[in-house]
Amino acid sequence: MKKRNLWIYIFGITIIIIGLIKLDTLISMISILWNACRVLVFGAMMAFVINLVMAKIEKRLGFMEKGKRATSLLLSLILIFLFVYFLITLVVPSLSEAIGVIVAVLPKYFENTQKFLVNLFENNPQLAESINNLDINWKNLIQSGINVLSTGVTNVVGTTFNVVTIIVNSVFNFVLMFIFAIYVLLEKERFVQLYHRLTNLYLSEIVKRRMDKCLNIINQTFSSFIGGQCIEATILGTLCTLGMIILRMPYPAMIGTLVGVINIIPMIGAYIGGAIGMFMVFTVSPIMSLWFLLYLCILQQIESNVIYPHVVGNSVGLPGIYVMMTVVIFGSLAGIPGMFLGIPTMASVYKIGVLYLNRKERLKEMNG
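The structure displayed is predicted, hence computed values, not measured ones.

(A) Structural detail: the pattern of salt bridges. Using the criterion set out here, one finds 6 salt bridges in the structure. Arg69 is the salt-bridge partner of Glu58, the closest N and O atoms lying 2.9 Å from each other. Residue Glu58 is located in helix H2 (residues 23-60), and its partner Arg69 is located in helix H3 (residues 68-120); the two are separated by 11 residues in the primary sequence. The two residues Glu58 and Arg69 agree in class, both being buried. One continuous salt-bridge network, built from bridges that share partners, spans Glu58, Arg69, Lys188 and Glu189.

Here is the structure:
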């Protein structure tokens, strides 16, 4: 047994050395493998999220003898579709209206600001005259901006054919992901049985038991994190909406929903939603937009220091201080996806590490 372990260590060290020597080739191989498998990986992630809803519905349909799996999957997809449709119909029309309003009133705000600055610097005739002579053709400016965006998009993707190709490939990949997710959900017991067959054949009982425990921890942590994010986003969106109603600000339901949805991005999501919300309020009243910014800053401080660490931190079993540390570190490494996936990943590592340390301490006490 010891000789076998020695050969395993030698083989592992050899692989590591070869990987370091041929690092460029290794990275290229990993990239090719990822491109080949990413549709399946994202499909499995989609199946995991849908299963959170599907599993609850399936328990409610326990009285059904046949078709329970297909019925619960269909109901889950309908609920998710209705939820997404509700968010889109609530946010997009108001946002489009606000963009149209601000484009219409922007020249007027500029003229008023120009007059204010001329009066402010009336003691400096040269500066006041320079400000007064500023003349902006807003129609040409907006058209130039559209042209710049069009040129930038064209430069990035090349030609119109490439744009169509990218769209078609994206739609095709999404369809493949969706089909794979449906297949996984309909046949999930088969994958579980395959896992147990392989682990029973190639792993010892102790190793298999430990692996089962680790996988259960990972599953529970990711499920709890997604649920915690939804609860936290609902709380923040509701508080934002109620506060805007009390303060008599425009678009309370739309902005509150937007802030809550974008807040799924850990920690910084509320700021992004707040910036869009301030833009919306600004179209109605610039002064009121400042009050909205002040209110949201206070609400964000409560959310960051009280709601998020406790709701999300407790739901995944990760202390609040580690939640903040994880967001900062993983966000700097992988951006928004790193922030979102870093917390349940770190929580899983934290729980498994605690179990490992506890086991080591018990063994030490027994041997001591």
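(B) Fine view of the nonpolar core. Formed by 14 residues in total, the largest nonpolar core has its most connected members in Cys240, Met244, Ile255, Phe292 and Leu299. It is helix H11 (residues 286-316) that provides the largest number of residues to this core, a total of 4 residues. Beyond its immediate chain neighbours, meaning those up to four positions away, Ile255 contacts Cys240, Met244, Pro250, Gly277, Met280, Val281 and Phe292.

(C) Molecular detail of the packing of aromatic side chains. In the structure shown here, the tally under the stated rule is 2 aromatic pairs. Judged by centre distance (6.3 Å) and plane angle (20 degrees), the ring pair of Phe81 and Tyr85 falls under stacked. You can see Phe81 and its partner Tyr85 sitting in helix H3, 4 residues apart, about one turn around the helix. Classification of Phe81 as exposed rests on a relative accessible area of 55%. Judged by centre distance (6.1 Å) and plane angle (90 degrees), the rings of Tyr183 and Phe191 are edge-to-face. What makes Tyr183 partly exposed here is its relative accessible area of 40%.

(D) Representation of the confidence of the model for the protein chain within the structure. In the predicted model, the protein chain carries a mean pLDDT of 77, and 79% of its residues have values of at least 70. Mean pLDDT across the secondary structure elements of the protein chain bottoms out at helix H5 (residues 138-157), with 53, and peaks at helix H7 (residues 188-202), with 87. Scored below 50 in pLDDT, residues 152-159 makes 5 contacts in the model with residues more than four places away or belonging to other chains.

(E) Summary view of the packing of H7 against helix H8 (residues 205-246). Packing of H7 against H8 brings their axes to within 10 Å, and their N-to-C directions diverge by 150 degrees. Contacts between H7 and H8 involve Tyr195, His196, Thr199 and Asn200 from the former and Lys208, Met211, Asp212 and Leu215 from the latter. Classifying every residue of the contact of H7 with H8 gives 3 nonpolar, 3 polar and 2 charged.

(F) Structural view of unusual backbone geometry. The backbone phi angle of Arg248 is positive, close to 60 degrees, even though this residue is not glycine. Along the chain, Arg248 falls in the loop between H8 and helix H9 (252-262). Residue classification places Arg248 among the exposed residues on the basis of a relative accessible area of 74%. Although it is not a glycine, Tyr251 sits at a positive phi angle of roughly 55 degrees. Along the chain, the position of Tyr251 falls in the loop between H8 and H9.

(G) How the structure looks around the side chain of Thr326. As for its position among the elements, Thr326 is in helix H12 (residues 320-367). Accessibility expressed as a relative area gives 3% for Thr326, which makes it buried. The contacts of Thr326, once residues within four sequence positions are left out, are Leu318, Gly331, Gly342, Ile343 and Met346.

(H) Quick look at H2. Between its terminal C-alpha atoms H2 stretches 52 Å, which fits the 56 Å expected from 38 residues at 1.5 Å a residue. Maximal helix bending in H2 amounts to about 50 degrees, located at Cys37. Inspection of H2 places Val39, Gly43, Met46, Ala47, Ile50, Met54, Ile57 and Glu58 among the buried residues, and these make up the whole buried set.

(I) Highlighting a nonpolar patch on the surface. Taken together, the side chains of Leu194, Leu198, Leu201, Tyr202, Leu203, Val207, Met211, Leu215 and Ile218 define a hydrophobic patch exposed on the protein surface, amounting to about 830 Å² of accessible area. Elements supplying a minimum of two residues to the nonpolar patch: H7 and H8. Structurally, Leu203 can be placed in the loop between H7 and H8.

(J) Expanded view of the packing of H8 against H9. Two numbers describe how H8 lies on H9: the axes approach to 8 Å, and their chain directions differ by 155 degrees. Our classification of the angle between H8 and H9 gives roughly antiparallel. Between H8 and H9 the crossing geometry is right-handed. Residues Ala233, Leu236, Gly237, Cys240, Thr241, Met244 and Ile245 of H8 form the contact with H9, whose own contacting residues are Pro252, Ala253, Ile255, Gly256, Thr257, Val259 and Gly260. The residue makeup of the contact of H8 with H9, split by class, is 9 nonpolar, 5 polar and no charged.

Parameters and conventions
Residues numbered from 1 in each chain as written. Predicted model: local features only at pLDDT ≥ 70, side-chain atom pairs only at ≥ 80, totals over all residues. Heavy atoms only, no water. Salt bridge = Lys/Arg side-chain N within 4 Å of Asp/Glu carboxyl O. Helix = DSSP H or I, 4+ residues; strand = E, 2+ residues; numbered from the N terminus. Buried < 20%, exposed > 50% of the residue type's maximum accessible area, 1.4 Å probe, protein only. Core = buried A, V, L, I, M, F, W, Y, C linked by side-chain atoms within 4.5 Å. Contact = heavy atoms within 4.5 Å. Phe/Tyr/Trp six-rings, centres within 6.5 Å; stacked < 30°, edge-to-face > 60°. pLDDT = per-residue confidence, 0-100. Axes fitted to C-alpha atoms, helices over the stretch in contact; angles between N-to-C directions. Nonpolar A, V, L, I, M, F, W, Y, C, P; charged D, E, K, R; others polar. Expected span 1.5 Å × (residues − 1). Bend = angle between axes of the 7 residues up to and from the residue. Patch = residues over 30% accessible without salt bridge, like charges linked within 9 Å, V, L, I, M, F, W, Y side chains within 5 Å. Areas by Shrake-Rupley, 256 points an atom, 1.4 Å probe, with all protein chains shown as cover. Parallel < 35°, antiparallel > 145°, perpendicular 65-115°, else oblique. Left-handed = near helix turned anticlockwise from the far one by under 90°.

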